[in-house]
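Secondary and tertiary structure notes
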Amino acid sequence: MLDENPKPYPPSDDFVKNAHVDADRYKAMYEASVSDPETFWGEEGKRLDWITPYTKVKSTDFTLGQVDIKWFEDGVLNVAANCIDRHLKDRADQTAIIWEPDEPDAEALHITYRELHEKVCRFANVLLSQGVMRGDRVVIYLPMIPEAAYAMLACARIGAVHSVVFAGFSPDALANRINNCDAKLVITADEAPRGGRKTPLKSNTDAALLHCSDKVRCLVVKHTGGQTTWIENRDVDVKAMMETVAPDCPVRPMGAEDPLFVLYTSGSTGQPKGVVHTCGGYLLYASMTQKFTFDYHDGDVFWCGADVGWVTGHSYIVYGPLANGATSLMFEGVPTYPDASRFWQVIEKHKVNQFYTAPTAIRALMGQGTEFVEKCDLSSLKVLGTVGEPINPEAWNWYNENIGKGKLPIVDTWWQTETGGHMITPLPGATPTKPGSATLPFFGVQPVVLDPQSGDEIETVEAEGVLAIKDSWPGQMRTVYGDHERFEKTYFSDYKGYYFSGDGCRRDADGYYWITGRVDDVLNVSGHRMGTAEIESALVAHIAVAEAAVVGYPHEIKGQGIYAYVTLMNDQEPSDELRKDLEKWVRTEIGPIAKPDHIQWAPGLPKTRSGKIMRRILRKIAENDYGSLGDTSTLADPSVVDDLIANRKS
Ligand code: 6R9
């Protein structure tokens, strides 16, 4: 059983001495940030270089029907200038990005701020030459290569809005995103090597573009040199073109509230939504959290092991670290290739000081034994972090003992694509940690625990309910791309006056927050967010499928696995072949991450008389927990449940 209130692990005295923030300073700064946000953020906003300084700090409204979020609204800045140009005076020759390739024997790159400046300028000039203008959307579908960062920063430099699509998504998923944001151009590579295998990104893009406007241009980074088809007048060889354009490109002054990027993320209903982040507030929040949450100091080597296709890669590989003039490590590979010591070898090789990964990676490596860790020198490490899902105490303890050698602070950071940066997290010099708790709010964040039924704030220190946020913070998403109503409905309509996170949580006697997972129909599989609705609609798009219901179930390594109940068309017979076909189908409709772990044939699904699928029951069956199915009397046909249980057992 989980200890409900374990003994906290305080930071060591040595750590506290050198930390940016100790416990007293955290308290004082936090107090100041919530009692007078205008003054606090007005001051903190000066961390960025502004072309025209702001005079207004915060104008935000969470009222349903008029939700409006603006920070530093009359300020003018450029994100790329903040991430690159302003560092050239003092750190032009410092490494900005260390790139570690998939193959350990291939050469790692050390890209200085000076080089980054030139690459990004050239990339920006290529975009301009293709007619990309301020405000245009550019989809980026790339492996974890430096060009991904160049492309993002090049967009920021000229005021274009990027939308990075994870390279694991299928052509269909890519096409949906290109069409949803009406992108003018897509940037891809020939192939994406990962764990010794190659994903054919260019041919995926070719397939996607068949479903898009023929005006969409395609920039191709020749990375592996793999064979690709080439469509004249549409495809452009980026690297070759970068050589021919000017090495400098002026930055475009942007309003603080101009969009910086759109990033698609799954919700409980419908297709993924385009989360919109803007230039000023987002950049400030990403850079402050990178500095304080990881206690980043000048000269440190910072490694966030996420992919740039997710928000974690946006905020903690590219924007946060580079805004702080940090050295950020970008890794093309996976933790288990060529073997389970790869992470630890990379840490040793590049003398990484802060390391940030997901519980699912820790669990996978934990299962491989400690000999893979023991042969590596991890003495450079100062802070460890986790993100993406609740971390179970076993994984926390393994991370602490084997990677942190019992001495390093672990920051368990709770946040979301929507929040732009960390929301609830320990600060390593300030917060005693408890395995499994994200602990306390970051500056300016006012979490509340709401009673899920009444929507009232639970005011006692100890509380259990749903997690919401009471007031805005600069990194908050501003809207859903092209659908502000959906933004309001998703986040502000269930609990009036609050931003609703979709997560459940518990607050303990010390005021620490423990995230208990999603309370909606969003799955968290290996830290990847997916809507059950998306997977269901992929399944029912198959010719043999009449109906489908998808739920999550506990999975030892992935956190959650995908369990699909499938009702076939009358003329179809269940078979192993069909099962395989459906798995393949979902892979092509969405991507490999959405492949169901288990498909159960369901002659009928449990529904209420009004036709609503009772997922509560399906979840219990998937979990093998038949004792607590609850009330089934409201079902239109209760016998369906017995059928499902009988089949589950067989
Ligand atoms: C950054 C990111 C967001 C959802 C979120 C929650 C889960 C993230 C967590 C965590 C417990 C943590 N989540 N961090 N749960 N502890 N430290 O992951 O963004 O992909 O949008 O997912 O992930 O359920 O609501 P995103």
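Note that the structure is a prediction, hence the values are computed from the model and not measured.

**What about the pairing of strand S17 (residues 327-331)?**
Of all 5 residues in S17, 5 are buried; the element is thus mostly enclosed. With burial as the criterion, each face of S17 is covered, one bearing Thr327, Leu329 and Phe331 and the other bearing Ser328 and Met330. With 4 bridges joining them, strand S4 (residues 95-100) and S17 adopt parallel strand pairing. From the neighbouring strand, Trp99 faces S17, where its bridge partner is Met330. Looking at chain direction, strand S16 (residues 301-304) and S17 are connected through 3 bridges and run parallel. Within the sheet, the bridge partner assigned to Val301 lies in S17 and is Thr327. In this view, the connection linking S16 to its parallel neighbour S17 by way of helix H12 (residues 311-323) has right-handed handedness.

**Quick word on the packing of helix H6 (residues 113-129) against helix H7 (residues 146-158)**
In the contact formed by H6 and H7, the axes pass within 8 Å of each other and the chain directions differ by 65 degrees. Of the two possible hands of crossing, H6 and H7 adopt the one that is right-handed. Only Glu147, Tyr150, Ala151, Leu153, Ala154, Cys155, Arg157 and Ile158 of H7 make contact with H6, whose side of the interface consists of Leu116, His117, Lys119, Val120, Cys121, Phe123, Ala124, Leu127 and Leu128. Among the residues forming the contact of H6 with H7, the class breakdown is 13 nonpolar, 1 polar and 3 charged.

**Points about the site of the ligand**
Neighbouring the ligand are 17 residues; Asp412, Thr417, Asp503, Arg518 and Arg529 lie closest to it. For the ligand, a nitrogen atom lies 2.8 Å from a polar atom in the backbone of Thr413. A distance of 2.8 Å is found between an oxygen atom of the ligand and a side-chain nitrogen or oxygen belonging to Arg518. Contact with the protein chains hides 96% of the accessible area of the ligand, taken as 530 Å² for the molecule alone. Secondary-structure elements contributing two or more residues to the shell around the ligand are H12, strand S20 (410-413) and strand S25 (513-518). Among the residues forming the shell around the ligand, the class breakdown is 6 nonpolar, 6 polar and 5 charged.

**Some details on the sheet that holds S25**
Strands sit in the order S21-S22-S24-S25 across an open sheet of 4 strands; the sheet is antiparallel. Looking at which strands have only one partner, the edges of the open sheet turn out to be strand S21 (447-450) and S25. Across the sheet, the mean angle separating the axes of adjacent strands is 45 degrees when strand polarity is ignored. Bridge analysis of strand S22 (residues 463-469) against strand S24 (residues 499-507) gives 6 bridges, and the strand direction is antiparallel. Paired with Ile469 across the strands is Tyr499, a residue of S24.

**What to know about the domain arrangement of the chain**
Domain assignment breaks the chain into domain 1 (112-255) and domain 2 (526-647). Here domain 1 and domain 2 have C-alpha centroids that lie 37 Å from each other. Facing the 6 residues of domain 1 at the interface are 7 residues of domain 2. Note on domain 1 versus domain 2: buried area summed over both sides is about 460 Å², and carbon and sulfur give 52% of it. Remark: the boundary between domain 1 and domain 2 carries 0 salt bridges.

**What about the UniProt feature "binding site: ATP" (unreviewed entry) in the chain?**
Those residues carrying the UniProt feature "binding site: ATP" (unreviewed entry) are Gly388, Glu389, Pro390, Asp412, Thr413, Trp414, Trp415, Gln416, Thr417, Asp503, Arg518 and Arg529 in this numbering. By relative accessible area, which is 35% here, Gly388 ends up partly exposed. Setting aside residues no more than four positions away along its own chain, Gly388 makes contact with Asn524 and Gly527. Counting through the fold element by element, Arg529 comes out in strand S27 (residues 528-531). Those residues in contact with Arg529 that lie beyond four places of it in its chain are Thr265, Ser266, Gln416, Thr417, Glu418, Arg518, Val522 and Leu523.

**Quick look at the nonpolar core**
Grouped together as the largest cluster of nonpolar side chains are 122 residues, with contacts concentrated most on Leu116, Phe123, Leu127, Ile187, Tyr319 and Phe443. Listed in part, the 48 residues of the second largest apolar core include Val139, Trp310, Leu539 and Ile562.

**A few points about unusual backbone geometry**
For the bond from Tyr337 to Pro338, the omega torsion is -5 degrees, close enough to zero to count as cis. Relative to the assigned elements, Pro338 resides in the loop between S17 and helix H13 (342-350).

**Regarding the packing of aromatic side chains**
Applying the stated rule across the entire model yields 43 aromatic pairs. Ring plane angle 50 degrees and centroid distance 5.7 Å describe the contact between Trp50 and Phe72, whose orientation is recorded as tilted. Residue Trp50 is found in the loop between helix H3 (37-44) and strand S1 (58-61), and its partner Phe72 is found in the loop between strand S2 (68-71) and strand S3 (76-77); the two are separated by 22 residues along the sequence. Residues Trp50 and Phe72 agree in their burial class; the two are buried. When the centroid spacing of 5.4 Å and the interplanar angle of 20 degrees are considered together, the rings of Tyr491 and Tyr499 count as stacked.

**Overview of the UniProt feature "domain: AMP-dependent synthetase/ligase" (unreviewed entry) in the chain**
When the UniProt feature table is mapped to this numbering, "domain: AMP-dependent synthetase/ligase" (unreviewed entry) covers residues 85-471. Along residues 85-471, the helical share is 31% and the strand share 22%, with 33 Å between the first and last C-alpha atoms.

Here is what the cut-offs are and how they apply
- Residues numbered from 1 in each chain as written.
- Predicted model: local features only at pLDDT ≥ 70, side-chain atom pairs only at ≥ 80, totals over all residues.
- Heavy atoms only, no water.
- Buried < 20%, exposed > 50% of the residue type's maximum accessible area, 1.4 Å probe, protein only.
- Helix = DSSP H or I, 4+ residues; strand = E, 2+ residues; numbered from the N terminus.
- Pairing = 2+ DSSP bridges.
- Right-handed = clockwise from strand over helix to strand, strands pointing away.
- Axes fitted to C-alpha atoms, helices over the stretch in contact; angles between N-to-C directions.
- Left-handed = near helix turned anticlockwise from the far one by under 90°.
- Contact = heavy atoms within 4.5 Å.
- Nonpolar A, V, L, I, M, F, W, Y, C, P; charged D, E, K, R; others polar.
- Near = heavy atom within 4 Å.
- Polar contact = N/O pair within 3.5 Å; in protein donor to acceptor, adjacent residues only side chain to side chain.
- Areas by Shrake-Rupley, 256 points an atom, 1.4 Å probe, with all protein chains shown as cover.
- Domains from an automatic or database assignment.
- Buried area = accessible area lost by both parts, 1.4 Å probe.
- Salt bridge = Lys/Arg side-chain N within 4 Å of Asp/Glu carboxyl O.
- UniProt positions renumbered as here; feature names shortened; annotations may be inferred.
- Core = buried A, V, L, I, M, F, W, Y, C linked by side-chain atoms within 4.5 Å.
- Phe/Tyr/Trp six-rings, centres within 6.5 Å; stacked < 30°, edge-to-face > 60°.

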